[in-house]
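So the chains spell out like this:
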Amino acid sequence: MLQEDVKRELISISGSEYVKDDPQSLVTHSYDGTPMLQSLPDAVVYPSSTEEVSQIMKVLNRHRIPVVGRGSGTNLCGGTVPVQGGVVMVMHRMNRILEIDMENLTATVQPGLNTKQFSTHVESLGLFYPPDPSSMSISTIGGNIAECSGGLRGLKYGTTKDYVIGLEAVLANGDIIRTGGKLMKDVAGYDLTKLLVGSEGTLAIITEAILKLIPPPRYKKTMLAMYKDLNGAARTVSKIIENRIIPATLEILDNATIRVVDDFAKLGLPLDMEAILIIEQDGDKEAVERDIAVITEVCQSENADQISIAASQEEAEKLLTARRSAFTALARLRPTTILEDATVPRSKIADMVIEINRIAKKHQVQISTFGHAGDGNLHPTATTDARNKEEIERVEEAFEEIFEAAIRLGGTITGEHGVGMVKSPYLEWKVGPAGMEVMKAIKSSFDPYNLLNPGKVFAKETRKRVVIQRG
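Residues numbered from 1 in each chain as written. Predicted model: local features only at pLDDT ≥ 70, side-chain atom pairs only at ≥ 80, totals over all residues. Heavy atoms only, no water.

Participant: Pulling in residues and values, what's your account of the packing of aromatic side chains?
Facilitator: Ring pairs (aromatic) are described by centroid distance and by the angle formed between their planes. This structure, assessed with the given rule, holds six aromatic pairs. Aromatic side chains F399 and F403 sit 6.3 Å apart centroid to centroid with 20° between the ring planes, which places their arrangement in the stacked category. Of this pair, F399 and F403 both sit in helix α14 (residues 389–408), four residues apart, which is roughly one turn of that helix. A single burial state applies to F399 and to F403, both of which are buried. An aromatic cluster of at least three residues, connected via ring pairs, comprises F399, F403, Y426 and W429. Sitting over the ring of Y18, R93 keeps its end group 3.4 Å from the ring centre. (Phe/Tyr/Trp six-rings, centres within 6.5 Å; stacked < 30°, edge-to-face > 60°. Helix = DSSP H or I, 4+ residues; strand = E, 2+ residues; numbered from the N terminus. Buried < 20%, exposed > 50% of the residue type's maximum accessible area, 1.4 Å probe, protein only. Lys NZ or Arg CZ within 6 Å of the ring centre and 35° of its normal.)

Here you go:
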C-alpha cells in the first residue's frame, strides 16, 4: 500500500475520485490480456492532462515508486502487469482527438483514445489510418504506440511506427519532452520518436501523439485460396511478392485453425485443407483487378485446390472478420489460451509451420497456427488449462523451442506482441549480449532509478540455449 503522505500528494494532483487503492481497483489492474500473470499494484491513478502526469511522476520519482502506464491492457506479453507493485497510471481520461490537420494530413491525439473509434472517425473524413491490430475495438492509441502494434494490413502499409511522426512524453523525473512534429523530413539529432514507439512504457509515459494519415484506397477485392499442401500455400506467398505485388492483406490459417474458425463463424469452409490464404488487395480498380488476376494465376500454379473471390463487400468483411476472430474461436476450446508470435522470412513460412507442428507433437500439446503470411509473422496458439501444471510446463517448453526455431530460420522471437515479461528471457537470443548492454544503457539514461514499468524487457536471467546456425 502507498504511504499516506504519498497518497495525499497524488490526490492533491488528480482528486480523490481518480486515485484508487480499494481492493476492486487493485485487482482489476493486476493483470492484462496475458494468461497466468497477475500482480497487485499499490494504487491506480487516472490523470487528465500532461501536466498532471508530470506532477505525478515527480512525486513518484521523489519517493522511488514504480509506475506502469496502461491503456486497455489488451497486450499479450505481460507488459502492463505491475510485477513490482507501485502505481498503475491509466490513461483513459486522456482520450481526445485534439486536431485533424487536413492540410498536413495529420491527427494529434491523446493516448487513451480508442483505436477503432479513431480509425472510424478518420475514415468519415475521407482519410485512412492503416494500423489495425486485432484488438482495435478495445485497445488504445497509446497502447498501440507502446507495443508498436501491427495488424492484418502490415504487409502493405506497415505498422504503428510508420505512422507516429511526433510525440509528447513525460520522463521518469517528470520532465516533458516533445519529439518530431508535422514533418515528413527531420534528422535533427537521434530519432527519439522511433525510439519511444515500441519501448513498452519503459522509457517514458506518452501523453500525446501526432499521427500520419493517408488517402484511403478507392477499391478493394478479397479472395480465398485453399490448399491441401502446406508448402504450396507457402510458395504462393513468396511468388506473389516475387511478382512485385504487395497485397493489403495476406493471411494464413492452418488446418487446426480452419476447423475452429469455421465452427465459430459458420463459413462452410472445407475441413480437409492444410492451409487457407486470405488475400485482399486495394488501390485503383484497374490495378486491383490486374493484381487479383495475377495472384489467381500464382495460386493455380501452386495447385490451390479451390480459389474464390468475394462477390460483395459484405462477403469480404465476413472473411476478414473470421480471420480476426481466430483467437476468440480458439479460446472457446479450453480454459487457457496462450497466443504467441514469431516472425520468419516469408520463404521460411512452411518450414516454420512444420517446425511448430513437430514441436507440438513432441511435447504433446495442442497448438494451432495462423498469422500474417505476407510479412512472415505467425501466431502459434496453444489451447491448454492453467490448472494442469504439468501440461503448462510442456507448453512453455514447446514455445521455447518455437522461439529457437524462429531464430534458426533467420527470424525473431516477436513481430508485434512485444517482449514484456513473456519474451524477456529470450531477448538476448535475438539481439546478443552487446545489444542488451546498449539497450540497458538507453534505459538507464531515461530512467536511472528503474521506475518506469520495471521487470519488463530485461530479464533477471536469460534462458540458455545451444548455439544454432541462422538460416
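Now that the structure has been shown, we can carry on.
Participant: So what's going on with the environment of L452? Which residues, and what values?
Facilitator: Summarising the element assignment, L452 is placed in the segment after α15 (427–446). Residue classification places L452 among the buried residues on the basis of a relative accessible area of 0%. Taking C-alpha positions, L452 is 8.2 Å from I205, a pair spaced 247 residues apart along the chain. Ignoring sequence-local partners within four residues, the contact set of L452 consists of M57, V67, A172, G201, T202, L203, A204, I205, K443 and D447. (Contact = heavy atoms within 4.5 Å.)

Participant: Tell me about the environment of T179, and name the residues and values.
Facilitator: Relative to the helices and strands, T179 resides in strand β8 (residues 176–180). Ignoring sequence-local partners within four residues, the contact set of T179 consists of I165, G166, L167, L192 and T193. Side-chain polar atoms of T179 contact the side chain of T193, separated by 2.7 Å. (Polar contact = N/O pair within 3.5 Å; in protein donor to acceptor, adjacent residues only side chain to side chain.)

Participant: Mind laying out the packing of helix α8 (residues 230–242) against helix α13 (residues 349–363), listing which residues take part and the relevant values?
Facilitator: One way to put it is that α8 packs onto α13 with a least axis distance of 8 Å and a crossing angle of 145°. Within the contact between the two elements, α8 uses L230, N231, A234 and V237 and α13 uses I349, A350, V353 and I354. Residues belonging to the contact of α8 with α13 are distributed by class as follows: seven nonpolar, one polar and no charged. (Axes fitted to C-alpha atoms, helices over the stretch in contact; angles between N-to-C directions. Nonpolar A, V, L, I, M, F, W, Y, C, P; charged D, E, K, R; others polar.)

Participant: If you had to explain the pattern of salt bridges to someone new, which residues and values would you point to?
Facilitator: By the definition in use, this model includes 28 salt bridges. The shortest N-O distance in the salt bridge between R153 and D132 comes to 3.8 Å. With R153 in the loop between α5 (141–147) and α6 (154–157) and D132 in the loop between α4 (115–124) and α5, this pair connects stretches of sequence that are 21 residues apart. By the burial criterion, R153 is buried, and D132 matches it. Between K239 and E302 there is a salt bridge whose closest N-O contact spans 2.7 Å. Highlighted residues: K239 in helix α8 and E302 in the loop between α10 (285–301) and β13 (306–309), separated in sequence by 63 residues. In this structure K239 comes out as partly exposed when scored by relative accessible area, which is 31%. The structure contains a network of salt bridges with shared partners spanning D229, R235, K239 and E302. (Salt bridge = Lys/Arg side-chain N within 4 Å of Asp/Glu carboxyl O.)

Participant: With reference to specific residues and values, describe α4.
Facilitator: When we look at burial in α4, the residues that qualify are T115, F118, S119 and V122. Take α4 and look down its axis: the buried residues cluster within an arc of 95°, on one side only. In this structure, α4 carries Q117 and S124 as exposed residues pointing more than 90 degrees from its buried face. Looking at the buried residues of α4, the elements they touch are β5 (97–101), β6 (106–109), α5 and β9 (205–212). Regarding α4, its N-cap is N114, as a side-chain oxygen of that residue lies 3.1 Å from the backbone nitrogen of K116 further along. Of the residues one or two after α4, G126 is the one with positive phi, at around 80°. (Arc of directions from axis to C-beta.)

Participant: Tell me about the nonpolar core, and name the residues and values.
Facilitator: Ranked by internal contacts, the top residues of the largest apolar core, which has 53 residues, are I252, L277, I279, C299, I349, M352 and I367. If one sorts the elements of this core by residue count, α14 sits on top with eight residues. Here C299 is in contact with M223, A225, Y227, T236, I279, A304 and I307, once residues within four sequence places are set aside. (Core = buried A, V, L, I, M, F, W, Y, C linked by side-chain atoms within 4.5 Å.)

Participant: Let's hear about a nonpolar patch on the surface: which residues, and what values?
Facilitator: A contiguous nonpolar patch, built from V27, Y31 and L40 and spanning about 270 Å² of accessible area, is present on the exposed surface. Among the secondary structure elements, V27 is positioned in helix α2 (residues 23–28). (Patch = residues over 30% accessible without salt bridge, like charges linked within 9 Å, V, L, I, M, F, W, Y side chains within 5 Å. Areas by Shrake-Rupley, 256 points an atom, 1.4 Å probe, with all protein chains shown as cover.)

Participant: Describe the side chain of H417, and please don't skip the residues or the numbers.
Facilitator: Positionally, H417 belongs in the loop between α14 and α15. Those residues in contact with H417, other than ones at most four positions away along the chain, are L76, C77, E147, L339, E340, D341 and H379.

Participant: Outline the sheet that holds strand β2 (residues 43–45), supporting the account with residue identities and numerical values.
Facilitator: Read across the open sheet, the four strands follow the order β1-β2-β4-β3; overall the sheet is mixed. The open sheet has two edge strands with one neighbour each: β1 (19–20) and β3 (67–70). (Pairing = 2+ DSSP bridges.)

Participant: Outline the packing of α8 against α10, supporting the account with residue identities and numerical values.
Facilitator: Axis separation between α8 and α10 bottoms out at 9 Å; the angle between their running directions is 145°. The hand of the α8/α10 crossing is right-handed. Taken together, the residues of α10 that come into contact with α8 (itself represented by T236, K239 and I240) are I295, V298, C299 and S301. (Left-handed = near helix turned anticlockwise from the far one by under 90°.)

Participant: How would you summarise α14 if you had to cite specific residues and measurements?
Facilitator: In an α-helix there are 3.6 residues to a turn, and that puts residues three or four apart on one side. Helix length check: α14 (20 residues) gives 29 Å between terminal C-alpha atoms against 28 Å at 1.5 Å per residue, within 8%. G410 sits one or two positions beyond α14 and adopts a positive phi of about 90°. (Expected span 1.5 Å × (residues − 1).)

Participant: With reference to specific residues and values, describe the side chain of T222.
Facilitator: By the secondary structure assignment, T222 is in strand β10 (residues 219–227). We classify T222 as buried; its relative accessible area is 2%. Reaching out from T222, the side chain makes a polar contact with the side chain of E280 at a distance of 3.0 Å. In this structure, T222 is in contact with I278, I279, E280, S308, I309, A310, A316 and L319, ignoring residues within four places of it in sequence.

The quantities given are spatial measurements derived from coordinates; they are silent on function.
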